[in-house]
Structure formats: structure tokens, C-alpha cells
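# Chains, contacts and geometry: an overview
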Amino acid sequence: MNRGKANFAVSAMALAGIVGLIGCLGGQGSTDGGSGADGGFRDDVFVSDDTSTGSIALEITNPSLGIGDTSPFVVRVRNARQQPVGQINVVCDSEQGIAILEPQTGYAMTNSSGVMSGVIGCASPGSFQMACRLSVGANKRDFGAVQCSGDVPPGFQGFPGAAGGGLGGGSPTDGSDSGVRMTSISFLDGPTGDTATPSIDINFNPALDCDLSTPEIEEEFFTDTIVSINVQNDGTQAVRFTGLRYRFEDYQPGSDFTSRLLGVTYEGGASIEVGESGVFSLPVFKTYSNGKWVGDPEGPGDGFQITNDGIRTVTFTLIGETVLGDPVEITGATSAAFGDYNGCPRD
């Protein structure tokens, strides 16, 4: 294992504000009506064309939510005589930004009252749509709109295991049009912890003694890697950012990683005023089991160790809104050299 004091020169990629979309995740679960197979659909209930007089209606209890908040919803199915249709499969999906928490499969059967119920959550700022339909054979569906706004709660990690996101879309504001942009992205790692470095140590060597002049072993520094992002607001409105997502290309050979939405706080106050700049910092690569990890190494299966040496690209997306409530996303990327470096203090 090479523990030399290696230095790598890396070139930062050009930074630009672009539109980024936040994705929801797939999973499994249940709802009041219970899950079931498509075989529960009865052909005599609806005719598969627009002349059918049967109906499906989606009702979202609270269509205006804060980030991380949830709302119940119900889907009511009626036949041509407007009678409840029980034991029929209903399938729901959403645009990216809305998570379907229940049913986690995204589909379930109606109960004896012709109702399928569930819960949705707001994962990112924006205006998004949700749609529910009958599973097979019936040309019936209904849409509902949800407005997601506000701050990302501290420690909010999205909705692991939720359904939704299959409709794509969403309506975030283009960060480049807003006049807000990232001007620099730096990694803080190593003995000082407060100096930008192009080299990130991904392995801890417990046998390394940083001071051979004393009998005690002085271990090398091995800490979480912090990302520091500088943002310039040259737009016409004050902007506040409350969430961040990052994508790490090839963190393991042949594998890319996209993080959940992470809560961030602007160091200078509630928002970045017009003409001012702000810095956002948070740990992104965690130390765990003598290695460096992406995601949460102690979480429910969403942490992974970084094992690929060499220069790698990481893309960051900040998510927020203007003072008028318009969603804003800006994206930038940078590169760093990941490897087994000497974490001993340097003179």
C-alpha cells in the first residue's frame, strides 16, 4: 500500500447553473384496500374507451406541502351506475419530486367501498403532478397537482423505499435563468480540515505512526470530507437554498452513486441577497470502518465504500427557492484525486 505524500494536480470542471430534477424511489408496501394482482380487474365494469360512464377520482387531502411533509390521498372507483367497485387494482405514479409512501408498490386494490387510499410526501421544491389509473383494460385515469415549497428539514434524507417518480417532469426553475450560479466547489480533507485539497484519502492505516520520536503511536488524520460550495447571486431576487444532492461517477469500478436530498444551511443567514455570495458546507464522504463512504454507512443499505482510485468527477445540485417562492436549482461539477494518501501532519 502506497502511503507516500502524493500530490495530484486536478483540473476543476467548468461550473454552470442548469436545471436538475429530483427523483423519487421505488419500493413495496400496502394500503387500506390491500395489494393484488391485475387479475382483480373485471371487464364488465368499464368499456375501454372514452364513452364509458364509469369513473375514477383522485383526491389529495392537502395539495400544498412543505418539503418532507406528507398528505393522505384517496382514489374512488365507480361503475357505469355510479356504484362503488371493490377489489379492482388501481395504479398510481407521480412526477419526480413527489414520493408515494403508501402503497409503496404504487398499486393496490380498492376495498368494498370502491376506495384505495395512500400517502404522498414532498421530496423537493416545485409543482408536480400525480396520476392514478385502473391497472388494465380500462381507459380511465385522474390527475392531481401538488405544490412543494419551504426549507429542507435538517437531516432530511428523502423518503427511502417510496414509489413514484415514473412520470418524470416537474417544474423547477432554471438556475441559469435566475442569475444564480456556483462559482467554486472545494473539498476539505486531511490534517488541517479547513484547507481546500485536490487529494482525498479514502483509506485509514491504523499501523501508520506519524511521530516515530515518541513511544506512543500518533495516528494519521482521517476525517469526513467536507464540500464547500460558493454561490453568487446576480439575479433579481434573494435566494435561499435548503437542499443538496450529489452524484459521484465511478466511485467503485463501473458504479455511479446519487445521494438522497441532504439538508444544507447558508452560513451567512437565511438567504443570499441580490449581488451577494454565500458558502454552503457539509460532510459528503463519511469515514467508516477504516474507509471513506458515500451515502450513510450506518443507514438502511444506502452507504457504499469508495474503492476506485484516481481522478473522479462529482456533480453537486443545490435546491432552493426565491423570496417569491419560485423553485431554483443550480448544478456544478468538480474533480479530485481519490487514493490512499498519507494523513500525517506536514511541516
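Thresholds applied
Residues numbered from 1 in each chain as written. Predicted model: local features only at pLDDT ≥ 70, side-chain atom pairs only at ≥ 80, totals over all residues. Heavy atoms only, no water. Helix = DSSP H or I, 4+ residues; strand = E, 2+ residues; numbered from the N terminus. Buried < 20%, exposed > 50% of the residue type's maximum accessible area, 1.4 Å probe, protein only. Contact = heavy atoms within 4.5 Å. Areas by Shrake-Rupley, 256 points an atom, 1.4 Å probe, with all protein chains shown as cover. Pairing = 2+ DSSP bridges. Axes fitted to C-alpha atoms, helices over the stretch in contact; angles between N-to-C directions. Disulfide = S-S within 2.5 Å. Core = buried A, V, L, I, M, F, W, Y, C linked by side-chain atoms within 4.5 Å. pLDDT = per-residue confidence, 0-100.

Our next topic: the overall build of the chain. For the chain, the count of helices and strands is one helix and 21 strands. A buried classification covers 49% of the 347 residues belonging to the chain. Sequence-distant contacts, at least 24 apart, represent 72% of the contacts inside the chain between residues at least 6 apart. When the accessible surface of the chain is split by element, carbon and sulfur atoms take 48% of a total near 15300 Å².

Here we come to the sheet that holds strand S9 (residues 141–149). In spatial order, the strands read S2-S9-S8-S4-S6; together these five strands make up an open sheet with mixed pairing. Bordering the open sheet on either side are strand S2 (64–66) and strand S6 (107–109), each of which pairs with just one other strand. For this sheet, the mean angle separating the axes of adjacent strands, direction not counted, is 25 degrees. In this sheet, S9 lies alongside strand S8 (residues 126–134) in antiparallel orientation, the contact comprising eight bridges. Bridging from a neighbouring strand, Arg133 pairs with Arg141 of S9.

Now for the sheet that holds strand S11 (residues 180–188). Ordered by their spatial adjacency, five strands build an open sheet running S11-S13-S17-S18-S19, and the pairing between neighbours is antiparallel. Two strands close off the open sheet at either side, each with one partner strand: S11 and strand S19 (304–305).

Attention now goes to the state of the cysteines. This model, assessed by the stated rule, comprises two disulfides. A sulfur-sulfur distance of 2.0 Å marks the disulfide that ties Cys92 to Cys132. Taking the sign of the S-S torsion, about 110 degrees here, the bridge from Cys92 to Cys132 comes out right-handed. Highlighted residues: Cys92 in strand S4 (residues 89–94) and Cys132 in strand S8, separated in sequence by 40 residues. Overall, Cys132 belongs to the buried group, its relative accessible area being 1%.

Once that is clear, we can look at unusual backbone geometry. Omega for the bond connecting Glu102 with Pro103 falls within 30 degrees of zero, at -5 degrees, which places this linkage in the cis form. Locating Pro103 in the fold gives a position in the loop between strand S5 (98–102) and S6. A positive phi angle is found at Gln87, which is not glycine, with a value near 60 degrees. For Gln87, the location among the structural elements is in the loop between strand S3 (70–78) and S4. In this structure Gln87 comes out as partly exposed when scored by relative accessible area, which is 42%. Positioned with a positive phi, Ser289 is a non-glycine residue whose angle comes to about 50 degrees. By secondary structure assignment, the location of Ser289 is in the loop between strand S17 (277–288) and strand S18 (291–294). With a relative accessible area of 57%, Ser289 lands in the exposed category.

Attention shifts here to the pairing of S17. Along any regular strand, the residues point their side chains to alternate faces of the sheet. Here strand S13 (residues 225–233) pairs with S17 via eight bridges, running antiparallel. If you follow Ser228 over to S17, its bridge partner there is Ser281. Sheet topology places S17 next to S18; three bridges connect them, and they run antiparallel. Note that in S18 the partner of Thr287 across the bridge is Lys292. Counting the residues between successive antiparallel strands, the hairpin from S17 to S18 contains two residues, one of them, Ser289, with a positive phi of roughly 50 degrees.

The biggest cluster of nonpolar side chains holds 34 residues, and the ones touching the most others in it are Phe73, Val75, Val90, Cys92 and Met130. Mapped onto this core, the elements with two or more residues apiece are strand S1 (55–60), S3, S4, S5, strand S7 (115–122), S8 and S9. Counting residues in each nonpolar core, the second largest holds 33 residues, with Val180, Val239, Leu282 and Ile306 among its members.

So, about the confidence of the model for the chain. Confidence in the prediction of the chain, expressed as mean pLDDT, is 76, and 76% of residues score 70 or more. Across the chain, the element-wise mean pLDDT spans from 38 in strand S10 (residues 173–174) up to 95 in S7. For residues 1–52, every residue scores under 50 in pLDDT, and the model assigns this stretch 151 contacts once sequence neighbours within four places are set aside. Residue range residues 171–176 is modelled with pLDDT below 50. Its contacts to residues more than four positions away, or to other chains, number 22 contacts.

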